[in-house]
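# Geometric and topological summary
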Amino acid sequence: MLAAAVSYVVSLCYYFCKGGIFFLLGGHCEVNAKNEKARRRRKKKKMVIGTIGKKNKVAMLFVALWLVFASSISSAEAAIGVNYGSLADNLSPPGEVVKLLKSSSIGKLKLYDADSAMLSALSDTGVEVVIGVTNEEIPRLGSPSFANAWVSKNVVQHLPKTKIKYISVGNEVLTTSEQQLASVLLPAMQNLHNALVGFKADDQVKVTSPQSLGILSVSFPPSSGIFKSKIVDTALKSVLQFLSLTKAPLMINAYPYFAYRNNPSDISLPYALFLPNGGFADPRTGLVYTNLLSAQLDAVYFAMEKLGFPNMELSVSETGWPSVGDVSEPGVSVQNAMNYNRNLISFVNSGVGTPARPRVPLEAYIFSLFNEDLKPGPTSERNFGIFRPDGTLSYDIGLMKTTAAAPSTGSPATNSSSNSTTTPASSPPAPASPAADPGPPNNPGIGPGGPGPVWCVAKPNADANSLLVALNYACGEGLADCTAIQFGAQCFYPNDLPSHASYAFNSYFVKHGGNKWNCYFGNTAMLTLSDPSYGVCTYPSVK
């Protein structure tokens, strides 16, 4: 998070303005109008105006940088929200739920309806709220008068004390079996927006609609992401045009858990849980993916770009991992649920973005606040909650104000034994590690006992597929320490295959004795006397 904030600050263009007070506006500087008028009056009176001292300029610069930095931290911490599913018969009343929220750092809450008691209880809390339109309500919202009445009752009545940010229309409408809903989705969204305009609330409250990854026909590799043509023609393209026009994000329910559950033999569990792994490189773009969620989201980004919406924002409306499941459900455990959600928080708060959208802010809503005992389906569906219905923690992911959300680096737990009902499209697997191939020594004359420190790096123009195989081996069976090239870490950028491979090769090289034959990797690596370290990314050497 610190690196992301500093990067953001450095990326701004700033100037010192005459008059002493300035505002950073993403590339230019404006003088406070009042001070400018005063300056002109002083000039007219021919008063001598001294320049701002160097120390004052530096102090002002630090103040400005700190303000931007603090703003970045604040917005990052508020990027994590939680879904409030209520398919249970043992939940506490709204007032008690809000007390629980106040004792935590949860800054956003997503509802699946527009419960008046809950909206009233959230008054003056500062919690950003998403209110839901149920699938059953969508056809009636095709009437402008009904939409107007709905907004008046469920939105306007609670503003501004309750901080409503979005109206989410339906849930996974475009992939539901009730296909007739797709044809009335856009009119409902338009009517709700028009009602907000009438009440002058459209700047504060945006209208969107959560969809599942099932809207994709291709999701692997991410750069090949494309939407199902039937869904595009039926409603999706028109919905995206509406979202673009109203400056609202597309909401996506993205569950690495479901992808892993459906294909555990091809998808690495550490890759699904944001834990250290070799990752994979998209063969079309060369972008390196070290977690499944980023790959899922980038598949959607690429699909939207192909439809003509390259700048559309995404909001992860649902994501999570169950803590209890049936014996037949792979990867379900308290440890894995804690790993996923802790690392999700770290990922979102870091501001690192995805490989295709680096440093683009992302918000995400964990599913779910509570376990829901009335949900149908396998046991896991009733155990996505980070809290039990009585308000005690199912497991600790650092959201309580007495704890901190640090990334989890613990190993995934093997199986001892969602509001989303649509299985997502197949997601990119993390490749398996190949057998060891130390190969022969290379670079005669360079190595331990040679002219100086030596490092092992990827060869320029090495074949991408061979490089990927070698990278996966180094970080997997080779036991190289690849922590520094995980998302948000000091060597994550530049996020490309040669850079990540170089770090992994060098880590393996140092760990296994620094012999010439430890730097081969199928003839994709070479020894060098030039230190590849940069910035805060340090490569250890062999002397």
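Basis of the calculations
The numbers attached to residues start from 1 for each chain and follow its sequence in the written order. Only residues with pLDDT of at least 70 are given local features in this predicted model, and only at 80 or more are side-chain atom pairs given and counted; all residues enter the totals for whole chains, interfaces and linings. Working from all heavy atoms in the structure, the side-chain values ignore hydrogens and water. UniProt positions are given in the numbering used here, feature names are shortened, and annotations may be inferred rather than shown by experiment. Comment: elements are numbered from the N terminus, with helices defined as DSSP H or I runs of at least four residues and strands as E runs of at least two. Each accessible area is a Shrake-Rupley result for a 1.4 Å probe, and residues are judged covered by the shown protein chains and nothing else. Criterion for a salt bridge: a side-chain nitrogen of Lys or Arg within 4 Å of a carboxyl oxygen of Asp or Glu. Classification of residues uses two cut-offs on accessible area relative to the type maximum, computed with a 1.4 Å probe and protein chains only: under 20% is buried, over 50% is exposed, and between them is partly exposed. Throughout, the arc means the angular range of directions from the helix axis out to the C-beta atoms. Any two residues whose heavy atoms approach within 4.5 Å at even a single point are treated as in contact. Strand pairing requires that DSSP identify at least two bridges connecting the strands. Here a crossover is taken to be right-handed if, once the strands point away from the viewer, the path from the first strand over the helix to the second is traced clockwise.

The name an unreviewed UniProt entry assigns to the protein chain is glucan endo-1,3-beta-D-glucosidase, from the organism Selaginella moellendorffii. In UniProt, the protein chain has this text filed under Catalytic activity (unreviewed entry): "Hydrolysis of (1->3)-beta-D-glucosidic linkages in (1->3)-beta-D-glucans." Comment text from UniProt for the protein chain, heading Sequence similarities (unreviewed entry), reads "Belongs to the glycosyl hydrolase 17 family."

## With respect to the overall build of the protein chain
Within the protein chain one finds 14 helices and 19 strands. For the protein chain, the accessible surface area stands at approximately 23,800 Å², while carbon and sulfur atoms represent 56% of it.

## Concerning the pattern of salt bridges
All chains considered together, the criterion is met by 9 salt bridges. Between Lys 99 and Glu 96 there is a salt bridge; the shortest N-O distance is 3.5 Å. Here the residue Lys 99 and the residue Glu 96 both occupy positions in helix α4 (residues 94-102), the gap between them amounting to 3 residues, near one helical turn. In this structure, the salt-bridge partner of Lys 108 is Glu 128, at a minimum N-O distance of 2.5 Å. Remark: Glu 128 occurs in strand β5 (residues 128-133) and Lys 108 occurs in strand β4 (residues 108-111); sequence separation between them is 20 residues. On the basis of relative accessibility, which here comes to 17%, the residue Glu 128 falls in the buried class.

## Side note on α4
Of all the positions in α4, only Val 97, Val 98, Leu 100 and Leu 101 are classed as buried. For α4, the arc enclosing every buried residue in end-on projection is 155°, short of the 170-degree limit, so these residues lie on one face. Those residues of α4 that are exposed and angled more than 90 degrees off the buried face are Lys 99 and Lys 102. Residues of α4 that are buried in the fold lie against β3 (80-84), β4 and α5 (116-121).

## Some remarks on the side chain of Glu 363
Summarising the element assignment, Glu 363 is placed in strand β17 (residues 363-366). Setting aside residues no more than four positions away along its own chain, Glu 363 makes contact with Ala 79, Lys 108, Lys 165, Tyr 166, Ser 315 and Val 316.

## Quick look at the pairing of β5
Of all 6 residues in β5, 6 are buried; the element is thus mostly enclosed. With 3 bridges joining them, β4 and β5 adopt parallel strand pairing. The residue of β5 that forms the bridge with Leu 109 is Val 129. A crossover links β4 with its parallel partner β5, the connecting element being α5, and its sense is right-handed. Sheet topology note: the β5/strand β6 (residues 163-169) ladder contains 6 bridges and is parallel. Among the inter-strand pairings, Gly 132 is bridged to a residue of β6, identified as Ser 168. For the handedness criterion, the β-α-β arrangement of β5, helix α6 (residues 144-154) and β6 is classed as right-handed.

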